[in-house]
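Here's the letter readout for the chains.
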Amino acid sequence: MATYQQLHDWIVTPTEAVALQQQLRHEIRIQPLTKPAETIAGCDISFNKFEETVYAGIVVLRLDTLEVIEEVGVISSATFPYVPGLLSFREIPSLLEAWSKLKTEPDVVMFDGHGTAHPRRIGIASHAGLFLNRPTFGCGKSVLVGKYDEPAPERGAWSPMKHYGETIGAALRTKNRVNPVYVSPGHLIDLPTAIDLTLRCNGGYRIPEPTRRTHNLVNALRRERTAGR
């Protein structure tokens, strides 16, 4: 079974959550991979912001073939309210529940969300990376913070995302003439590697295969649960 380290309790107030982010951000390490990755996981969550039910999923793929090795989905209840900038406190506990059911420990983990491209530089990919103690990065569909120049229209083009003069991620074109995705390192990885891995996970869609397949998994879980009511 996949393991993780429990760094703190999840029963906190929003004020305590911000204080934890300020504390934990100093533990994040942005650096190249220490060894080549052979497997990659995608993590995604689906929920209604006004309900407690959370649908969490993880799909593990071989990086060279994008063949699915394993997938896990869980349905659980969120203990933290919907607060922008603090979504990791709402989402990570369910993802850790799914993680603990994995038989395969992936080399790298991609999150549908952000890493350092966050107001306090600790989005879900960074926060979860500290718990998982392995390379993590975010690949978001929208911008949380930061500004960028539009990258060239061809697949593979990218431009830096800046926030208060600091490069926090990249707007990356994954498909010709399609809106970019927003890539940022989480923990134990750097931005060039996160960009490279995103492009290697190409299945012909805007969204890379790890998070695209996990998105499909959690939405299927949600439909099944709704149909069964």
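The model shown is predicted, which means the values in this text are computed figures rather than measured ones.

Lay out the overall build of the protein chain with the relevant residues and their values.
Helix and strand counts for the protein chain stand at five helices and eight strands. Its C-alpha radius of gyration of 16 Å places the protein chain within 12% of the 17 Å reference for a compact globule of 229 residues. For the C-alpha atoms alone, the extent of the protein chain along its principal axes is close to 45 × 40 × 35 Å. Across the 229 residues that make up the protein chain, the buried fraction comes to 53%. Restricting to contacts in the protein chain with at least 6 residues of sequence separation, those with at least 24 account for 66%. Here the protein chain displays about 10,500 Å² of accessible surface, and carbon together with sulfur accounts for 50% of that area. Within the protein chain, the 24 negative side-chain charges are centred at a point lying 4 Å from the centre of the 26 positive side-chain charges.

Could you give an account of the packing of aromatic side chains, with specific residues and numbers?
Taken as a whole and judged by the stated rule, the model has five aromatic pairs. On the basis of an interplanar angle of 75 degrees and a centroid distance of 5.7 Å, the ring pair of Trp10 and Phe89 is categorised as edge-to-face. With a gap of 79 residues between them, Trp10 in the segment before α1 (14-24) and Phe89 in helix α2 (residues 87-99) connect regions that are remote in the sequence. On the basis of relative accessible area, Trp10 is assigned to the buried category, the value being 9%. Ring centres of Tyr148 and Tyr182 lie 5.5 Å apart, and the angle between their planes is 55 degrees; on these two criteria the pair is classed as tilted. Of the two residues, Tyr148 is situated in the loop between β5 (136-140) and β6 (158-163) and Tyr182 in strand β8 (residues 181-187); the sequence distance between them amounts to 34 residues. Sitting over the face of the ring of Phe47, Arg90 holds its NZ or CZ atom 4.6 Å from the ring centroid. In this structure, Arg212 is placed above the aromatic ring of Tyr205, and the distance from its NZ or CZ to the ring centre is 4.0 Å.

Parameters and conventions
- Residue positions are counted from 1 within each chain, in the order its sequence is given.
- Only residues with pLDDT of 70 or above have their local features reported here, since the model is predicted, and side-chain atom pairs are shown and tallied only from 80 upward, although totals for entire chains, interfaces and linings are computed over all residues.
- As a rule here, side-chain values cover all heavy atoms of the structure and leave hydrogens and water aside.
- By the criteria applied, helices consist of DSSP H or I runs no shorter than four residues and strands consist of E runs no shorter than two, each listed in order from the N terminus.
- In this setup the radius of gyration rests on C-alpha atoms only. A globule is expected at 2.2 Å times the number of residues raised to 0.38.
- We call a residue buried when its accessible area falls under 20% of the maximum for its residue type, exposed when it is over 50%, and partly exposed in between, using a 1.4 Å probe and counting protein chains only.
- The contact rule is simple, with two residues in contact once any of their heavy atoms fall within 4.5 Å.
- A 1.4 Å probe and the Shrake-Rupley method give the accessible areas. Residues count as covered only by the protein chains that appear here.
- Charged residues are defined narrowly, with Lys and Arg counted positive, Asp and Glu counted negative, and His plus the chain ends left uncounted.
- Positions of charges follow a simple convention, taking NZ of Lys, CZ of Arg, CG of Asp or CD of Glu.
- Each pair of aromatic rings taken from Phe, Tyr and Trp, with Trp reduced to its six-membered ring, is defined by centres within 6.5 Å and is described as stacked if the planes are under 30 degrees apart, edge-to-face if over 60, and tilted in the remaining cases.
- Charge-over-ring contacts are defined here by two conditions on Lys NZ or Arg CZ: a distance within 6 Å of the ring centre and an angle within 35 degrees of the ring normal.

Just distances and angles here, no functional claims.
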